[in-house]
Amino acid sequence: MDAFLTALPALGDAFGLILQPVVLGYLLLGVVMGLCIGVFPGLGGIAGLSLLLPFMFGMEPILGLALMIGMVAVVPTSDTFASVLMGIPGSSASQATVLDGFPMAKKGEAARAMSAAFAASLFGGLMGAAFLTVFILVARPIVLSFGLPEMLMMTILGLSMVAILAGRVAIKGVAAAGLGLVVVTVGAADAGGSLRMATYDIPYIVDGFQLVIVGLGIFAIPEIVSLLRQDRAIAENAKLGAGWFDGVRDWWLNKWLSLRCAIIGVIVGVIPGLGGSVVDWIAYGHTVQTTKDKSNFGKGEVRGVIGPESSNNAKEGGGLVPTLLFGIPGSGSMAIFIGAVALLGSGSIEVGPGMLKNNLDMTYAIVWLLALANVLGTLICIAASGGIARLTTIRFTLIAPFLFMLIAFAAFQSGQNFGDLVALFGFGLIGILLRRFDWSRPAFLIGFVLSNPVEKFTNQAFQIASFRFRESTEAGLDYIFSPIVIVLLVITVVSVVLGVRQASNIMAEGDVKTGSKRAPLIFLFAIMAYLIASYWNASLINDRLIGDKIIPMVIAGISIAGCLVLLVQMMMKPETDMIFADREAYGEDATAPHGLWGTLAWFAGLLALSGLLGFIIALAIFLVTFLRVRARLSFTRSVLYSAIGIAFICFVASLLNRDFPPGILQDLVTLPWPLG
């Protein structure tokens, strides 16, 4: 009670701080900047906050906080545009939204999907702010009670969602998740530095692959290529002016789902290291598990939009808990936030327990700035949605080259290396094949996201548990099986059991028809070959570095066993069985007017030209040629549209202080920006 009485004056002071016109003006500016950043696929809050860092030095603390909170709060709202309208995850926190949001857009329900998403985002953001208000006083013992075993179990809980997202053939989902887990181990191991499936002769892969590149490759490129092959609009005869109230009504009818997913978002956000890359999958898995009729998921189920979007914004409030209370960043954007706070004013503000003691009014100001930012962001998104949503009625051939431009630019920003573009193309090819043969791309991405936490928490927990067991068996068991671990273990088991029972009703990649045995078998053998190579490569690591080899060996071994089970099933079942699903045998892809490899060659051409001439020169050639040849525009219009696109990407790059991929030409000749 004393804690609440102490907080009341601070709450009043916080309102006095934020209800100043200049503070609200900076908050609005941050919101607008966050919305613009979120619309661009792959950039997200980290890029946005990085942009603000140079301006934070010496800024009035409340103004700097308003600017940063405005940006951080609304990126998970604005990334809905790319996820719903284009099938491109706007950020790592909006990947699950693509699964049902994009099919709704293709059915002409873009307005309904976005209004449901915005309503859920607003509710989630306000719930996050409300929970943060209480957590500032009571969350300390909760956060401190999560040790390594608890964090490992939380990560395993995230992996258990593979069971529900595996699709009609559950073993495919398990193998896909295993493949994602193994792919992350490429590069230098964190524990001992051993190289796994990498060599110093190719420095790029020593650092492993970035989530931005994998997310864009696995989800964005397959959808862009598929729509481009159809040579039509995303949504045919879409009634974009209708459906806004339908989406809000959908949210209201599912308000308890939204509340549960918002709580999930807060809880996951509180735990450092998990954050946005996993929260939407846990929320989506819960949404599927609690829905009676699961047949529509993956084909345009509005609940599949409401659940993840409710958790996305709520997790920002949760992520601020460890950040403000302990100075522990809950995500990459929170890490930059901590660094930016240190630059404000005279440097007297420092996140952590001292902030609660000395700047409680500033702490609560952050809470209410977060709530206000969500309201402002939602209102602006709704106001701007009409114009943006009309993109779905434009012939997709006119949009695709500019999407290729955006995702190539976004991928390059992850490492500022041309290898980023090569990796993007490689993962795009993997995504196309996973989609073609009905292997769950969400399962692959869950494996990819959670591989590092699994390995890190396992190694660290193993080391501590070893010391505890040396003391006594009881001490070791008490460390491993704490009450929180047992609760999470029970939840995980229930999730797996329900998931296995219900997975047959889920179409992970839509309604994919069966084809012949040959192509699916070749794809299976290719995956098995990589898994076997990964297992063998890890086995060569010295036993003294057991932490570097055990996780890839175990995961690859389990995945190989799953592939062998799948192989036996394929050998025994007829070609008509759904295990032989193949989009190129029947359906839209099979009858598309343009071929798969010819369409993909356009994107490959852009990347190849970038390696030779640099990105901007290559982009100019690519855009003019594509619009003239593939889109069949006049030469004048092709040049005009290309010039507008290049001017736009140059403006974005200059605003974010980013560079473009250089080519061999730039090594030989010094050219002015943006050509060099």
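Residues numbered from 1 in each chain as written. Predicted model: local features only at pLDDT ≥ 70, side-chain atom pairs only at ≥ 80, totals over all residues. Heavy atoms only, no water.

A.B. asks: In this structure, what is going on with the overall build of the chain? I would like to understand it.
C.D. replies: If you tally the helices and strands in the chain, you get 31 helices and 2 strands. The buried share of the chain, taken over its 676 residues, is 58%. For the chain, contacts bridging at least 24 residues in sequence account for 81% of all contacts bridging at least 6. In the structure as shown, the chain presents an accessible area of about 25900 Å², 68% of it carried by carbon and sulfur atoms. (Helix = DSSP H or I, 4+ residues; strand = E, 2+ residues; numbered from the N terminus. Buried < 20%, exposed > 50% of the residue type's maximum accessible area, 1.4 Å probe, protein only. Contact = heavy atoms within 4.5 Å. Areas by Shrake-Rupley, 256 points an atom, 1.4 Å probe, with all protein chains shown as cover.)

A.B. asks: When you look at the packing of helix α10 (residues 170-184) against helix α26 (residues 546-572) in this model, what are you seeing that I'm missing?
C.D. replies: Helix-helix packing is described using two parameters, namely the angle between the two axes and the distance between the axes. Between α10 and α26, whose axes approach to 9 Å, the crossing angle comes to 150°. In terms of orientation, α10 and α26 fall into the roughly antiparallel class. You can see that α10 and α26 cross each other, and the crossing is left-handed. In this structure, α10 uses Ile171, Lys172, Ala175, Gly178, Leu179, Leu181 and Val182 to contact α26, whose residues at the interface are Ile555, Ala556, Ser559, Gly562, Cys563, Leu566 and Gln569. Tallied by class, residues from the contact of α10 with α26 come to 9 nonpolar, 4 polar and 1 charged. (Axes fitted to C-alpha atoms, helices over the stretch in contact; angles between N-to-C directions. Parallel < 35°, antiparallel > 145°, perpendicular 65-115°, else oblique. Left-handed = near helix turned anticlockwise from the far one by under 90°. Nonpolar A, V, L, I, M, F, W, Y, C, P; charged D, E, K, R; others polar.)

A.B. asks: What should I look at first to understand the pattern of salt bridges in this one?
C.D. replies: Oppositely charged side chains can form a pair if their charged atoms are brought close together. In this structure the tally under the stated criterion is 7 salt bridges. Where Asp250 meets Arg112, a salt bridge forms, and the shortest distance between an N and an O atom there is 2.5 Å. Of the two residues, Asp250 is situated in helix α13 (residues 244-253) and Arg112 in helix α7 (residues 110-144); the sequence distance between them amounts to 138 residues. By relative accessible area, which is 10% here, Asp250 ends up buried. (Salt bridge = Lys/Arg side-chain N within 4 Å of Asp/Glu carboxyl O.)

A.B. asks: I would appreciate a short explanation of the nonpolar core in the present structure.
C.D. replies: For soluble globular proteins, the rule of thumb is that nonpolar side chains tend to be buried together. Counting residues in each nonpolar core, the largest one holds 171 residues, and the members touching the most others are Ile407 and Trp439. Both of domain 1 (2-394 + 440-511) and domain 2 (594-668) provide at least three residues apiece to this core. (Core = buried A, V, L, I, M, F, W, Y, C linked by side-chain atoms within 4.5 Å. Domains from an automatic or database assignment.)

A.B. asks: Mind showing me how you'd approach the packing of helix α12 (residues 211-230) against helix α20 (residues 396-412) here?
C.D. replies: Remark: α12 packs on α20, axes separated minimally by 11 Å, with the N-to-C direction vectors making an angle of 170°. One way to sum up the angle between α12 and α20 is to call them roughly antiparallel. Residues Val212, Ile213, Leu216, Ala220, Ile221, Ile224, Val225, Leu227 and Leu228 of α12 pack against Phe396, Thr397, Ala400, Leu403, Phe404, Ile407, Ala410 and Ala411 of α20.

A.B. asks: Would you mind going over the packing of aromatic side chains with me for this structure?
C.D. replies: Think of a pair of aromatic rings as described by two things: how far the centres are apart, and how the planes are tilted against each other in angle. All chains considered together, the criterion is met by 15 aromatic pairs. Considering the side-chain rings of Phe437 and Phe523, the 5.1 Å spacing of their centres and the 25° angle between planes classify their relative orientation as stacked. Of this pair, Phe437 sits in the loop between α21 (419-436) and α22 (441-471) while Phe523 sits in helix α25 (residues 518-539), and the two are 86 residues apart along the sequence. Through successive ring pairs, a cluster of aromatic residues spans Phe404, Phe425, Trp602, Phe603, Phe622 and Phe626. The cationic tip of Lys255 hangs over the ring face of Trp252; the distance from NZ or CZ to the ring centre is 4.3 Å. (Phe/Tyr/Trp six-rings, centres within 6.5 Å; stacked < 30°, edge-to-face > 60°. Lys NZ or Arg CZ within 6 Å of the ring centre and 35° of its normal.)

A.B. asks: What is the right way to read the side chain of Ser451 from this model?
C.D. replies: Among the structural elements, Ser451 can be located in helix α22. Judged by its relative accessible area of 0%, Ser451 falls in the buried class. A polar contact of 2.9 Å, which involves the side chain of Ser451, links it to the backbone oxygen of Leu181. If near-sequence neighbours (up to four positions away) are discounted, Ser451 is found in contact with Leu181, Val184 and Thr185. (Polar contact = N/O pair within 3.5 Å; in protein donor to acceptor, adjacent residues only side chain to side chain.)

A.B. asks: Would you take a moment to explain helix α28 (residues 596-613) for this structure?
C.D. replies: Every α-helix carries 3.6 residues per turn, so stepping three or four residues along brings you back to the same face. For α28, built from 18 residues, the straight-helix expectation of 26 Å at 1.5 Å per residue is met to within 8% by its first-to-last C-alpha distance of 26 Å. Its axis deflected by about 25° at Trp602, α28 carries its strongest bend there. All buried positions along α28 are accounted for by Leu596, Thr599, Leu600, Phe603, Leu606, Leu607, Ser610 and Gly611. Within two residues after α28, Gly614 carries a phi angle of roughly 90°, on the positive side. (Expected span 1.5 Å × (residues − 1). Bend = angle between axes of the 7 residues up to and from the residue.)

A.B. asks: It is not clear to me how α25 should be interpreted in this structure. Could you clarify?
C.D. replies: End to end, α25 covers 32 Å across 22 residues, agreeing with the expected 32 Å (1.5 Å per residue, within 8%). Within the span of α25, buried status applies to Ala519, Pro520, Leu521, Phe523, Leu524, Ile527, Met528, Leu531, Ser534, Asn537 and Ala538. Elements that come into contact with the buried residues of α25 comprise α10, β2 (195-196), α21 and α26.

A.B. asks: Sorry if this is basic, but what is going on with the environment of Leu531 here?
C.D. replies: In this structure, Leu531 sits in helix α25. When its relative accessible area of 0% is taken as the criterion, Leu531 is described as buried. Note: C-alpha distance between Leu531 and Val182 (349 residues apart in sequence) is 7.6 Å. Residue contacts for Leu531: discarding those within four places in its chain leaves Leu179, Val182, Ala556, Ser559, Ile560 and Cys563.

A.B. asks: Would you take a moment to explain the environment of Val305 for this structure?
C.D. replies: Among the secondary structure elements, Val305 is positioned in helix α16 (residues 303-326). Under the relative-accessibility criterion, Val305 is labelled buried at 0%. Expressed as a C-alpha distance, the spacing of Val305 and Met104, which sit 201 residues apart in the sequence, is 9.6 Å. Sequence-distant contacts of Val305, defined by excluding residues within four places in its chain, comprise Thr97, Asp100, Gly101, Met104, Ala113 and Ala117.

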